[in-house]
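# Structural features, examined
Each chain, written out:
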Amino acid sequence: MQQRPEIFLQDTETRTLVADEVRERLRPCERVLENLLLRSGYAQSRLATELPLLGKVLSMDDDTSVPASAPVLEICLDDFPGTVENSQILHSSDRFSDLGGQISMRPNRIGAAFEPLGRTVSDLRRGALGSVPVSFGRSDTMHLAFERMLQKGEPSRFSISHAEPVHENESRNIEIAAIAITEYGIPDFRTVAIVDATISNAGRPIEHRTIPAGENGFFAFRHSETHISSCIARNLRIGLDNFPWWFLTDDRISRRNPLQTVRTSYRSDNELIANLLLPLSTAIGQPLAYGQGVSTRVLHQPANTGHRPNLPEQAAASLVGAMIAVQVQRHLEFSPGGVASLPEISDSYKLPKDAAVGVFEQLESLATSCLRVANAETSLPDTITWCEAMYGDLSRRLADFNLSVFKAELDIEARDQLRFYRDVLLWYPRVRRYIIDEMVRKDRFPVKRYID
């Protein structure tokens with residue numbers, strides 16, 4: 001008789017019980033404990049869920065799903081050139097039948113996302129996955145496809161595939177530590193590009209949808225220049241679970257910035273993932289890689305309801321968070337046991353000028369777009385008012401477009417976020433080991449249990 005699945009849920013009450021015991025037994029840094037278990041935010045929610053888990057884990061947002069069957073558009077390559085494997089068609093609506101071709105529904109299995117985890121490339125090549133190309137980086141044309149759609153108004157194909165394969169002898173012992181999945185429906189295009197397109201469209205969101213347009217083919221890669229989606233499966237085995245995969249920050253630090261450049265949580269919880277495995281591999285003496293192209297397809301359908309930050313906040317929270325994550329990557333070190341750390345951050349810490357200028361100029365460009373739209377829509381007073389309000393908001397975040405003042409305040413914010421993350425790295429493995437060893441393994445971890 002097949003056992004019915006059990007569902008384990010955490011809520012504020014159960015997390016508070018865990019936090020109270022951890023506080024009493026370990027006496028950790030309070031602000032780290034609060035952000036790991038008690039506060040809301042992108043990274044906070046993911047880490048609180050994963051702290052008691054050991055083994056193979058799939059992280060998904062609450063607006064994603066794995067449907068029982070997923071569509072695949074079979075369409076002529078002459079109409080939509082490009083790599084077919086691991087590809088999708090980006091369209092300005094969900095009427096994909098208008099593009100020609102045939103849509104077929106394929107069985108969709110969540111278990112396929114877990115099967116390569118913890119296995120070596122040589123092992124996978126002996127199985128059903130076949131050749132399994134391995135490359136240092138990966139080819140990702142998703143964001144270019146969005147730019148083409150905006151410029152030409154035409155649907156296009158994009159793909160995420162391997163780059164130049166490394167030599168076979170160098171790849172066979174690589175272990176697959178994580179599986180990246182690019183969602184279909186509404187994938188995660190760059191936030192600042194979405195915001196700029198919405199402003200240029202006088203505040204109306206740009207309609208866009210994607211549909212799988214080719215078979216998935218599995219490949220492995222060591223590093224990525226573009227971000228990896230937060231829909232990711234990982235093998236949280238001993239040695240790969242001593243650090244937080246998610247970039248945890250404290251929004252209270254950002255709100256201390258008198259410019260209020262960012263007023264909510266950074267939208268950067270997954271910004272560290274793409275570059276974790278290379279330094280970790282060197283430290284633990286085991287080559288690791290990400291896998292992509294499993295047959296599991298994940299649908300992303302963002303909700304139209306609920307609170308969403310305004311456009312300047314979305315852009316600023318994404319750009320500033322990503323910029324600080326890059327500073328973490330530059331200084332992150334791993335021990336032979338897989339524990340991550342950052343060096344001391346001095347009082348005189350300053351951001352690299354080009355990093356601050358990059359954020360400043362992209363936000364300034366959004367303000368320029370607001371003025372351009374307002375000047376072009378002289379017969380639409382509501383649009384003009386909206387653009388002027390957006391321009392004023394961005395101006396305040398940028399110290400009235402004063403780069404030196406903007407950078408001086410951002411230097412302090414970045415310094416304090418780096419110091420906070422240093423404390424997170426110090427306490428995370430201790431808190432996790434206590435929860436796993438003293439609570440989960442002894443069946444004392446408080447959750448609400450249901451039978452499906």
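Here, every reference points to the structure presented above.
First, a word on scope: everything that follows refers to the structure included in this document.

Right, let's talk about the overall build of the protein for a bit. Looking only at helices and strands, the protein has 13 helices and 19 strands in total. By the compact-globule yardstick of 22 Å for 452 residues, the protein fits well, its C-alpha radius of gyration being 23 Å. Each principal axis of the C-alpha atoms in the protein carries an extent, and together these give about 70 × 60 × 45 Å. Here the analysis covers contacts within the protein between residues at least 6 apart in sequence; of these, 85% occur between residues at least 24 apart. Separation between the mean location of the 51 positive side-chain charges and that of the 59 negative ones in the protein comes to 4 Å.

Scanning the entire structure with this criterion turns up 36 salt bridges. With a shortest N-O distance of 4.0 Å, R138 and D140 are connected by a salt bridge. Here the two residues R138 and D140 agree in accessibility, since each one is buried. Linking R432 and D241 is a salt bridge whose minimum nitrogen-to-oxygen distance equals 2.9 Å. A residue pair is termed long-range when its members are at least 10 positions apart, and R432 in helix 13 (residues 403–440) and D241 in the loop between strand 14 (232–236) and helix 8 (251–255) qualify at 191 residues. Exposure remark for R432: the relative accessible area of 1% places this residue in the buried category. Residue D241 is classed as buried on the basis of its relative accessible area of 1%.

For the rest of this paragraph, the subject is the state of the cysteines. All chains considered together, the criterion is met by zero disulfides. Of all cysteine sulfurs in the structure, the one in C387 sits closest to C370, which takes part in no disulfide; the separation is 5.5 Å.

Turning next to the sheet that holds strand 2 (residues 55–59). Read from one edge of the open sheet, six strands run 2-14-10-15-13-7, paired in mixed fashion. The strands lining the two open edges of the sheet, one partner per strand, are strand 2 and strand 7 (134–135). Relative to strand 13 (residues 219–221), strand 7 is paired through two bridges, and the arrangement is parallel. Paired with V134 across the two strands is A220, which belongs to strand 13.

Another aspect to go through is empty space enclosed by the protein. Taken as a whole and judged by the stated rule, the model has three cavities of 30 Å³ or more. Considered as a void within the structure, the largest cavity measures approximately 230 Å³ in volume. What lines the largest cavity is a set of 19 residues, among which Q88, T182, N216, Q292 and R297 lie closest to the centre. Secondary structure elements with two or more residues in the lining of the largest cavity: strand 5 (87–91) and strand 9 (156–162). When residues in the lining of the largest cavity are grouped by element, the largest group, three residues, is from strand 9.

Counting 88 residues, the largest nonpolar core has L36, L363 and Y421 as the members making the most contacts within it. The element that contributes the greatest number of residues to this core is helix 13, accounting for 14 residues. Every residue in contact with Y421, bar those within four places of it in the chain, is listed here: P244, W246, F247, L248, L272, V328 and L342. In terms of nonpolar packing, the next biggest core, distinct from the first, is built from 18 residues, L124, I181, C231 and V294 among them.

Turning to the layout of surface pockets, a few remarks are in order. Taken as a whole, the second largest pocket spans an internal volume of roughly 240 Å³. Around the second largest pocket sit 15 residues that line it, and E115, P116, A128, L129 and F218 are the ones nearest its centre. Within the lining of the second largest pocket, the residues separate by chemical class into seven nonpolar, five polar and three charged.

Let's shift gears to the environment of S93. One can find S93 in the loop between strand 5 and strand 6 (102–107). With a relative accessible area of 12%, S93 lands in the buried category. Along the backbone, S93 and A43 are 50 residues apart, and their C-alpha atoms lie at a distance of 31 Å. A polar atom in the side chain of S93 sits 3.1 Å from the backbone nitrogen of R95.

The subject of this paragraph is unusual backbone geometry. Backbone geometry places Q260, a non-glycine residue, at a positive phi of 50°. On the secondary structure map, Q260 appears in the loop between helix 8 and helix 9 (277–284).

Between the first and last C-alpha of helix 12 (residues 381–397) there are 25 Å, a value that for 17 residues agrees with the 24 Å anticipated at 1.5 Å per step. Of all the residues in helix 12, the buried ones are T383, I384, C387, M390, G392, D393, L394, S395 and R397. On its buried face, helix 12 is in contact with helix 7 (191–200), helix 10 (311–331), helix 11 (353–376) and helix 13. A positive phi of about 55° marks A399, the residue just after helix 12.

Let us look at the pairing of strand 14. Buried residues dominate strand 14, accounting for five of its five residues. The alternating pattern of strand 14 places I232, R234 and L236 on one face and A233 and N235 on the opposite face, and all of these are buried. Sheet topology note: the strand 2/strand 14 ladder contains five bridges and is antiparallel. Within the sheet, the bridge partner assigned to G55 lies in strand 14 and is L236.

Let us look at helix 3 (residues 42–50). For helix 3, every residue scored as buried is listed here: A43, Q44, R46, L47, A48 and E50. On its buried face, helix 3 sits against helix 1 (12–26), helix 2 (30–38), strand 2, strand 14 and helix 13.

Position of N242 relative to the elements: it lies in the loop between strand 14 and helix 8. At 2.9 Å, the side chain of N242 and the backbone oxygen of G337 are in polar contact. A distance of 3.2 Å separates polar atoms of two side chains, one belonging to N242 and the other to R433. Excluding its chain neighbours within four sequence positions, the residues that come into contact with N242 are G337, G338, V339, A340, Y428, P429 and R433.

Reading guide: rules and limits
- Residues numbered from 1 in each chain as written.
- Predicted model: local features only at pLDDT ≥ 70, side-chain atom pairs only at ≥ 80, totals over all residues.
- Heavy atoms only, no water.
- Helix = DSSP H or I, 4+ residues; strand = E, 2+ residues; numbered from the N terminus.
- Rg over C-alpha atoms; globule rule 2.2 N^0.38 Å.
- Contact = heavy atoms within 4.5 Å.
- Lys, Arg positive; Asp, Glu negative; His and termini not counted.
- Charge placed at Lys NZ, Arg CZ, Asp CG, Glu CD.
- Salt bridge = Lys/Arg side-chain N within 4 Å of Asp/Glu carboxyl O.
- Buried < 20%, exposed > 50% of the residue type's maximum accessible area, 1.4 Å probe, protein only.
- Disulfide = S-S within 2.5 Å.
- Pairing = 2+ DSSP bridges.
- 1 Å grid on protein atoms, 1.4 Å probe; cavity = no way out; pocket = protein on both sides within 12 Å on 5 of 7 lines; lining within 4 Å.
- Points joined across faces, edges and corners; volume = space filled by probe spheres on them.
- Core = buried A, V, L, I, M, F, W, Y, C linked by side-chain atoms within 4.5 Å.
- Nonpolar A, V, L, I, M, F, W, Y, C, P; charged D, E, K, R; others polar.
- Polar contact = N/O pair within 3.5 Å; in protein donor to acceptor, adjacent residues only side chain to side chain.
- Expected span 1.5 Å × (residues − 1).

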